[in-house]
Amino acid sequence: MASSSGTASSRTASPGEVPSGKASAVTVATGDGNGGGGRPAGAVARVRRQLPTSPWLFAAPGLLVVGIFILYPFVSTVVNAFTDRRTLIPGEFVGLANFRELLHDEMFWIGLRNSTLYVLGVVPALVLLPLLLALLVQKNIPGIAFFRSAFYTPVVASIVVVGLIWVWLLDERGLVNSLLEAIGVGRIGFLSDQWLLLLSAMTVTVWKGLGYYMIIYLAALANVPRELHEAAAVDGAGAVRRFLTVTVPAVRSTMVLVGALSSVAAFKVFSEVYLMAGPGGGPAGEDTTLVMLVQRTGTGLTGRVGYASAISVVVFVVTVALMLLVLRADRKEDA
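Described below are features of the structure shown in this document. Model, not experiment: these values are computed from the prediction. (Residues numbered from 1 in each chain as written. Predicted model: local features only at pLDDT ≥ 70, side-chain atom pairs only at ≥ 80, totals over all residues. Heavy atoms only, no water.)

In this section: the nonpolar core. Across soluble globular proteins, you tend to see nonpolar side chains buried next to one another. Residues Tyr118 and Met276 are the most contacted members of the largest nonpolar core, which totals 61 residues. Elements with a contribution of two residues or more to this core: helix 6 (106-137), helix 8 (159-170), helix 10 (194-221), helix 12 (239-250), helix 13 (252-267), helix 14 (271-277), helix 15 (290-298) and helix 16 (305-334). A per-element tally of this core places helix 10 first, with 13 residues. (Core = buried A, V, L, I, M, F, W, Y, C linked by side-chain atoms within 4.5 Å. Buried < 20%, exposed > 50% of the residue type's maximum accessible area, 1.4 Å probe, protein only. Helix = DSSP H or I, 4+ residues; strand = E, 2+ residues; numbered from the N terminus.)

Take a look at the structure:
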C-alpha cells in the first residue's frame, strides 16, 4: 500500500494537468487572466506607469541641445533688439528705437539692397542649373560616377578654402586676369569693382551649391516614370519639349523646395562676400550684406549688440517672408 501510494503521489502529470504544488507559481507567471499577457501584474503596471515619461527621457538630450544653441539665442536676440545693450554693458529697454534708427541708416539700406540682389541673382541659377546637371549625370554610362563625384566636390570643400581659391583666381594678378591679358583683353577688376565683386561672389555661391542641389534633383528624377517620356517621344516631342512638359511638372515640388532653401541661404550670405570683399565690404563698403553688417556692428569691445540684434530680427522676418512667398506661389499653381 505504501509503495502504491508513493507511486500515485509521484506520478507524472498529464499534458493538460497542472500539479497542485506548482499552481501558485504558474498563476504568478501567467497572470490572473485579466490581461497580464504572460507577465506579472506588477510588471505590467510598472511598464504602463513608465510609458508617458520614457519618450521624453530619450528626447531630452536633443531638446537640451536645441534649447541651448537655438531657442535661447533666438529669444535673447529678440529681447536684445529692444535694448541698447553693448558688448560689456547690459543695456536698458529702448522700445523701437533701434528699428527707427535702421530706417535712417545708409549702410542698412546698402546691405538690404545687396542681399536682395543676391537672391535675385543666385536663386534662379540654383533652381535651373542643378536640374540640367542632374539630367546629364542621371544616365548609367561608364565613368559617370567620376563626374558625379567631381560635381559634388565643391559641396564638401570648406567655404574658406573655396573663397581663397577664387580670390587667387580673380585677383588683379590672378590666373584669370593673366589669361585675359595674354589674349589682349586686358585686366578686369573683379575684386575692385562694386558690381563685378558682387557678381563674382554670386558665381562662387552658385558653383559651390550646384552639386548639393544636383543630388536633390537626382532623387526626384528617379521617381519620374519612364513611360511618360516614352509616350511623349511617341507623340513626336523632342528633348526640349519633353523637358518642359514631362520633367519640369514631375519635379516641380522639388524645384519649390530648392527655391525656398536657396533663397534663404542667399539672403543670409556672408562667407563668400566677406572673403572676396574683405571685412570692409568692398570699395567704400558698397558690397556689404545684412549679415556682414550684423557681424561688423555687434562684435568687438564696443559692439552695439542691441542694434545688431535689431538687424538680425529684420533678416529673420525677411527670410520667413521669402519662404512663405515661395510656398504660396506653389499652392497657387496647384490650385
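Still more ground to cover, so stick around.
To continue, consider helix 8. For helix 8, which comprises 12 residues, the first-to-last C-alpha distance of 16 Å matches the rise-based estimate of 16 Å (1.5 Å per residue) to within 8%. Listed as buried for helix 8 are Val162, Gly163, Trp166, Val167 and Leu170. Each buried residue of helix 8 sits inside an arc of 135° when the element is viewed along its axis, so together they form one side. Packed against the buried residues of helix 8 are helix 7 (144-156), helix 9 (175-182), helix 10 and helix 14. (Expected span 1.5 Å × (residues − 1). Arc of directions from axis to C-beta. Contact = heavy atoms within 4.5 Å.)

Our next topic: a nonpolar patch on the surface. Side chains of Phe74, Val75, Val78, Val79, Phe316, Val317, Val320, Leu324 and Leu327 sit close together on the surface and give an oily, nonpolar patch of about 740 Å² of accessible area. For the nonpolar patch, the element with the most residues is helix 16, which contributes five residues. Turning to its location among the elements, Val75 is positioned in helix 4 (residues 54-80). Here Val75 falls in the partly exposed class, since its relative accessible area comes to 48%. (Patch = residues over 30% accessible without salt bridge, like charges linked within 9 Å, V, L, I, M, F, W, Y side chains within 5 Å. Areas by Shrake-Rupley, 256 points an atom, 1.4 Å probe, with all protein chains shown as cover. Salt bridge = Lys/Arg side-chain N within 4 Å of Asp/Glu carboxyl O.)

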